[in-house]
Every structure is written in C-alpha cells, then in structure tokens.
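Chain and residue survey
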Amino acid sequence: MGIYLPIAEISVNVFVLLAMGAAVGFLSGMFGVGGGFLITPLLIFYNIPPAIAVATGANQVIASSFSGALSHVKRGTLDFKLGGVLLAGGIVGSTGGIFVFGFLRRLGQLDLFISLLYVVLLGTVGGLMLVESVNALRATRSGAAPVLKKSGQHNWIHRLPLKMRFRASKLFVSVIPVLGLGAGIGFLSSIMGVGGGFIMVPALIYLLKVPTNVVIGTSLFQIIFTSAYTTLVHATTNQTVDVMLAFLLMAGGVAGAQYGAKAGQRLRGEQLRALLALLVLAVAIRLAIDLFVTPPNLYSLSGVGLT
Amino acid sequence: MAGLRAFLAVASLSLFAAVSPGEAQTPAAENIQIGLSTDHVSITAGFSGADLTIFGSLENADPLVARQGRYDIIVVLEGPARPVVVRRKDRVLGIWINLESETFENVPVSYSVATTRPLQDVTDPNSYKQLSLGAANLYMQPADDDDSPATIEEFTAALRERKTATGLYSENVGGVQFLSQNLFRATVRLAPNVPVGTHKARAFLFKSGLFIKESSAQLEIRKSGFEQSIFRVAHDYSFLYGIFAVSLAMLTGWLGRLVFRKD
C-alpha cells in the first residue's frame with residue numbers, strides 16, 4: 001500500500017515503514033537506545049532525503065524512548081536528577097548542532113559528515129563495548145566473580161569539583177562531566193538524528209560508573225527531551241519533519257519497544273552489552289563500506305537552499 | 001532512378017491539383033491547438049505517478065499530408081524552473097567525497113515529452129536546438145560562466161542523466177496519437193515525485209520535418225486534501241507543527257505502552 005509523504009514529497013510503502021519501525025523499536029526497548037542510529041540510515045537507504053531522515057528520525061525517537069522510559073519509571077530504574085542535569089547540557093549542544101547542520105548542508109557535505117560521524121562514533125563505541133563485555137563474559141564463564149570496577153577505584157572524572165549526589169544511581173560526582181556529556185549528545189542528536197543512547201549508555205557505565213540497570217531508563221529520559229527539542233528546532237528552521245513518516249515509524253516502534261524491553265530483562269548486563277556492541281559495529285561497518293565503495297552515481301542533484 | 005523520382009513528383013503534383021484545385025495558390029496555414037480538461041491536477045496520498053492526457057486539434061490540415069503521416073506532433077509538459085546544484089564525488093584517501101560542483105539557474109524540475117514518432121525521425125538536430133526542444137536540447141544556464149566549457153558540458157550531461165534516471169525527464173515515443181485527421185491525443189507521464197507548481201504544456205507541429213506552429217497551455221499541479229494541509233501547516237505554522245509532532249510522538253509512545261505493555 002503506497003502513501004504520499006507530504007514533506008518528503010515522495011510515495012512510499014506503508015508496510016515497509018511499519019516493519020522498519022517495529023524492528024528498530026524492538027531493539028530500542030531491548031537496549032535502551034532510542035533507535036535513531038538505526039532509523040536514520042535505514043530511511044536514507046530507503047531514498048528519503050537525508051535532511052528529512054535526520055529530522056524525522058529525531059521525532060520518531062521521542063515515541064520509542066517515551067514508551068520505554070515509562071516502563072523504567074514503573075520499575076524505579078530511572079534517575080530523574082541525573083537525567084535532568086544531562087538534559088540541561090543537551091539543550092545547549094543541540095542548539096549548536098542545528099547551526100552546524102545548516103552550514104554543512106549549504107556546503108553539500110552534510111551526507112559525508114553524517115556518515116563519517118556514524119562510522120567513527122559507532123565504530124569506537126561498539127569496539128570498546130565489545131572488548132569489555134567479552135572479557136566480562138569470559139570471566140563469568142571461568143567461574144570467577146564478575147569483576148566490575150571496584151567501588152573505591154576512581155578516575156580523574158571523580159576528582160573534578162562541583163560535586164552532586166545522585167541517590168538513585170548511588171553516585172557522588174562532579175556536574176561538569178555530566179553537563180559535558182549531555183551537550184555532546186545534544187550536538188550529535190541534531191546532526192545525526194539520533195537520541196544518542198548508543199553513546200550515552202556506555203559513557204554513563206564506563207565514565208561515570210552508573211549502575212547498568214539505572215543507565216537505560218535515565219538515558220531514555222534524557223533522550224525524550226533532547227530529541228523533542230531537536231524536532232522542534234528542525235521543524236521551525238528547516239521544515240524537514242514529516243509527521244506522516246514519523247507516525248508510521250512510531251506506530252511500529254512503540255509496539256516493538258514493549259516486546260524488546262521484555263526480551264532485554266531476560267538477558268544479563270554483559271550479554272546485553274555484547275549484543276548492543278555487535279549491533280553498533282554492524283551499522284558502522286555497513287556505513288563505512290558505503291564510504292569506500294564506488295557509488296553507482298557519482299553525480300548528485302540538490303536544490304539551492306532546499307533539501 | 002532519376003526518371004522514377006521525376007515520375008513520382010509529377011504524379012503527386014497532379015493528385016494535389018485534383019484534390020484542391022481552388023486552394024493551390026494560397027493554402028491556409030496549419031494551426032495547432034491544445035486543450036486541458038482542467039487547469040489543475042491534485043496530488044493525493046496515493047499518488048504514485050500518473051499519465052496525463054492532453055487533447056489537441058490540428059486545423060487546416062492537408063488531407064494528403066495527413067494521410068501520408070507526414071504531420072508530427074511533439075507535446076511537452078515542463079515543470080517549474082528552479083536552480084540546481086550538481087555535485088560530483090571524487091575519491092580522496094579512498095573515501096568518496098563531493099568535490100566539484102556546478103550550479104545551474106532555472107532548470108525545469110520536470111520535463112515530459114510525448115511524440116508521434118522517435119525524436120530523430122521527426123526533424124533534424126538543428127531544429128530541435130533552435131526550438132530548445134527535448135531534454136537533450138534544453139539550455140541550462142550555469143551560474144558561473146567562468147568554468148571551462150568541458151566542465152559545464154560534463155555537469156550538464158550529468159544533470160540530464162540524473163533527471164532521466166529519477167523519471168522527472170521522460171520521453172514517451174508514440175505517446176501522441178491521431179484520433180482522426182484533425183484530432184490528436186497526447187499522453188505525458190507524471191513522475192511520482194512530480195514537483196508542485198505551474199507546469200507548462202506545449203505542443204509543436206511539424207510537417208515533413210519542418211516546424212510549423214506551437215501552442216501552449218498552463219497546468220497547475222498542487223497537493224490536495226490532508227497532505228496539502230500538513231504541508232501548508234508545516235511551512236506557515238512551523239513552531240506549532242513542531243509542538244504537534246512532539247505531542248503526537250509522546251501520545252503514540254504512551255498509547256503504545258498501554259496497548260502492548262508486557263510487564
């Protein structure tokens with residue numbers, strides 16, 4: 001069944017979009033990521049103009065993370081205070097990102113920059129997580145107690161001033177890295193159309209040493225607001241948010257997210273991390289191949305000042 | 001051979017004289033008219049491309065020429081003109097990057113052609129060039145005239161190739177059919193991604209390879225119904241539209257959880 005997208009100005013298949021939403025929603029519920037890092041590349045592979053894919057991806061992420069966050073509120077695995085501080089940084093970063101987005105689009109380098117960012121970030125994060133989680137899995141299998149970082153072991157981040165207590169996360173840490181992390185993720189959110197969960201989750205775990213179970217809910221909480229802000233700004237400055245497209249993705253996504261969250265509960269932390277790492281790496285490799293393989297069309301057209 | 005040709009010429013001359021003895025000195029000039037049944041076409045949610053039929057009439061047609069099929073008609077539906085940037089990817093350190101680019105002013109977004117016969121059989125390349133007729137003969141004005149002709153040539157060709165590949169520039173050979181001696185029907189293709197705006201339909205009449213007359217009409221392509229409303233709101237009330245998009249997402253997330261909850 002075809003449907004005409006009012007903003008993207010093309011006809012697409014409803015069922016492809018629903019299925020895409022459901023698949024990504026499942027993974028998003030399972031890993032506590034918004035799914036934007038999957039949705040945006042998928043939309044681009046489906047011939048949606050990148051600028052619209054990014055803005056609409058951000059819109060879709062709100063639904064799946066809102067749905068996912070509700071589950072975590074119920075289970076009490078959401079640190080509102082930590083999420084709030086991350087969010088404050090996120091708004092600042094997102095605003096900066098919107099400007100860079102517009103600038104790169106005028107230069108004609110937006111697509112390249114998006115791909116490069118995806119490859120570098122997903123590759124690094126995925127690689128690090130994979131190594132760590134495989135080590136943890138091996139340790140568990142050999143019978144040794146899982147060696148999480150000893151509670152007394154602190155890195156430089158924990159020596160910064162302006163400390164704040166986050167009770168739900170059992171954390172006493174400076175707000176500087178928290179704000180900085182939020183800002184960095186806000187920036188990526190507006191340029192890549194992602195919520196930033198795939199960076200946020202490992203950063204909270206490895207840098208701030210937040211317990212894994214709280215990380216996912218808190219990350220989702222922050223993602224809701226960062227992507228809501230990104231959606232608003234893209235809608236007002238670029239008019240690139242397609243609600244019709246977003247709604248189809250969401251409808252599939254929220255259904256998938258609930259099943260995914262359930263599936264995620266049955267897996268242990270390090271298994272979950274290993275799987276997420278593999279997924280992240282797969283997307284990075286797929287995008288990296290596109291950068292190096294000779295494109296079928298060397299030439300591309302774009303309007304002046306349009307998408 | 002020469003004798004045969006002379007004989008044929010004489011034969012046709014006498015036939016001509018026999019058919020229209022009075023008009024031999026001042027034959028009325030042929031004229032072409034096209035009419036559109038509507039001045040606008042609306043694109044709705046299900047739009048996945050369509051054929052647009054344009055009817056036209058040929059006035060004062062010479063019955064003999066018509067019978068011999070020496071009248072040819074080319075109908076063009078030309079979309080609104082917009083500036084376009086063409087970019088070329090080149091390899092830098094193994095990665096394909098947009099490097100060179102060329103901006104063209106006023107490139108028709110779409111250009112659908114329907115003809116009675118293949119373009120090369122209707123008239124010669126020079127006539128097409130003079131009339132600026134056919135996607136291959138459209139003149140694309142580069143924004144920067146200082147670029148080398150070879151570069152401009154290369155990017156112009158790439159622009160046409162991309163437009164053709166996406167279905168925006170199309171050619172429908174045999175898309176113009178004579179229904180009677182004076183009446184014809186042209187079928188031009190509207191691509192699924194046909195741009196909205198004012199399109200211009202033009203019909204060109206050729207007689208034995210010579211251009212005779214042109215006729216044109218305007219056609220407005222617009223979005224209709226629900227999609228049109230969404231598009232207008234997104235541009236005119238973009239902030240409210242953004243708020244709506246965010247609210248819709250949250251509502252969907254909440255409802256989705258109510259319906260599909262698993263815990």
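These figures come from a predicted structure and were not determined experimentally. (Residues numbered from 1 in each chain as written. Chains lettered and ligands numbered in written order. Predicted model: local features only at pLDDT ≥ 70, side-chain atom pairs only at ≥ 80, totals over all residues. Heavy atoms only, no water.)

1. Quick notes on the overall build of chain A
We count it as follows: Secondary structure is summarised from DSSP: a helix means a run of H or I of at least four residues, a strand means a run of E of at least two, and numbering begins at the N terminus for each. Every residue pair with non-hydrogen atoms within 4.5 Å of one another is taken to be in contact. Under the convention used here, a 1.4 Å probe and the Shrake-Rupley method define accessible areas, while residue burial counts only the protein chains that appear.
Helices and strands together make up the secondary structure of chain A, namely 10 helices and five strands. Once local pairs closer than 6 in sequence are excluded, the contacts in chain A between residues at least 24 apart make up 80%. As displayed, chain A has an accessible area near 12100 Å², and 70% of this comes from carbon and sulfur atoms.

2. Observations concerning the sheet that holds strand β10 (residues 176–178) of chain B
Strand-to-strand pairing in sheets goes through backbone hydrogen bonds, with the strands running parallel or antiparallel. Residues and elements named next belong to chain B. The condition is simple: Two strands are counted as paired when DSSP detects at least two bridges linking them. For every element, the axis is a line fit to its C-alpha atoms; helices are fit only across the contacting stretch, and the angle between N-to-C directions ranges from 0 to 180 degrees.
Spatial strand order, β1-β3-β11-β10: four strands in an open sheet with antiparallel pairing. The strands lining the two open edges of the sheet, one partner per strand, are β1 (31–35) and β10. Taken pair by pair, the neighbouring strands of this sheet meet at an average axis angle of 25°, ignoring direction. Across three bridges, β10 lies against strand β11 (residues 183–190) in antiparallel orientation. Of the residues in β11, the one forming a bridge with V176 is A186.

3. A short note on the interface of chain B and chain A
How big an interface is tends to be stated in terms of the accessible area lost upon association of its parts. Note the threshold: Note on definitions: buried area is the accessible-area loss of two parts on being combined, 1.4 Å probe, summed for both. Every case where a carboxyl oxygen of Asp or Glu lies within 4 Å of a side-chain nitrogen of Lys or Arg is listed as a salt bridge. Identification of polar contacts relies on pairs of N or O atoms within 3.5 Å, with a donor-acceptor requirement for protein atoms, meaning one able to donate a hydrogen and the other able to accept it, and with residues adjacent in sequence counted only if both atoms are side-chain atoms. The residue classification treats Ala, Val, Leu, Ile, Met, Phe, Trp, Tyr, Cys and Pro as nonpolar and Asp, Glu, Lys and Arg as charged. All others, Gly included, are polar.
The interface is formed by 56 residues belonging to chain B together with 55 residues belonging to chain A. Interface area for chain B against chain A, summed over the two sides, is near 4900 Å², with a carbon-plus-sulfur share of 67%. The interface formed by chain B and chain A includes zero salt bridges. Counting across the chain B and chain A interface gives seven residue pairs in polar contact (both at pLDDT 80 or more). In terms of residue count, helix α7 (residues 238–260) of chain B provides more of the side of chain B that touches chain A than any other element does, 17 residues in total. Each residue belonging to the side of chain B that touches chain A can be placed in one class, and the counts come to 30 nonpolar, 13 polar and 13 charged.

4. Points about helix α6 (residues 225–236) of chain B
Given 3.6 residues per turn, any residue in an α-helix points the same way as the ones three and four places further on. To keep it simple, the criterion reads: Here the expected span of a helix is defined as 1.5 Å times the quantity of residues minus one. For every residue, the accessible area (1.4 Å probe, protein chains only) is compared with the maximum for its type, and the residue is labelled buried under 20%, exposed over 50%, or partly exposed between those bounds. To be clear, the arc concerns the directions from the helix axis to the C-beta atoms.
The terminal C-alpha atoms of α6 of chain B, which comprises 12 residues, lie 16 Å apart, in line with the 16 Å expected from a rise of 1.5 Å per residue. Turning to α6 of chain B, its buried residues are E227, I230 and A234 of chain B. Relative to the axis of α6 of chain B, the buried residues are bounded by an arc of 60° and lie together on one face. Here the buried face of α6 of chain B lies against β1 (2–5), α8 (212–237) and α9 (243–265) of chain A together with β2 (40–43) and α7 of chain B.

5. Section: the pattern of salt bridges
Oppositely charged side chains may form a pair once their charged atoms are brought near each other. Residue and element names in this part refer to chain B. Under the counting rule described, the total for this entry stands at seven salt bridges over all chains. A salt bridge links E30 to K207; the shortest N-O distance between them is 3.1 Å. Placement of the pair is E30 in the loop between α1 (2–19) and β1 and K207 in strand β12 (residues 197–207), with a sequence separation of 177 residues. Residue classification places E30 among the buried positions, given a relative accessible area of 8%. Judged by relative accessible area, K207 falls into the partly exposed class, the value being 26%. E214 is paired through a salt bridge with R202; the nearest N and O atoms lie 3.4 Å apart. Of this pair, E214 sits in strand β13 (residues 210–223) while R202 is found in strand β12, placing the two residues 12 residues apart along the sequence. On the accessibility criterion, E214 (35% relative accessible area) is partly exposed. Relative accessible area serves as the criterion here: at 14%, R202 is assigned to the buried category. Salt bridges sharing common partners tie together E78, R202 and E214.

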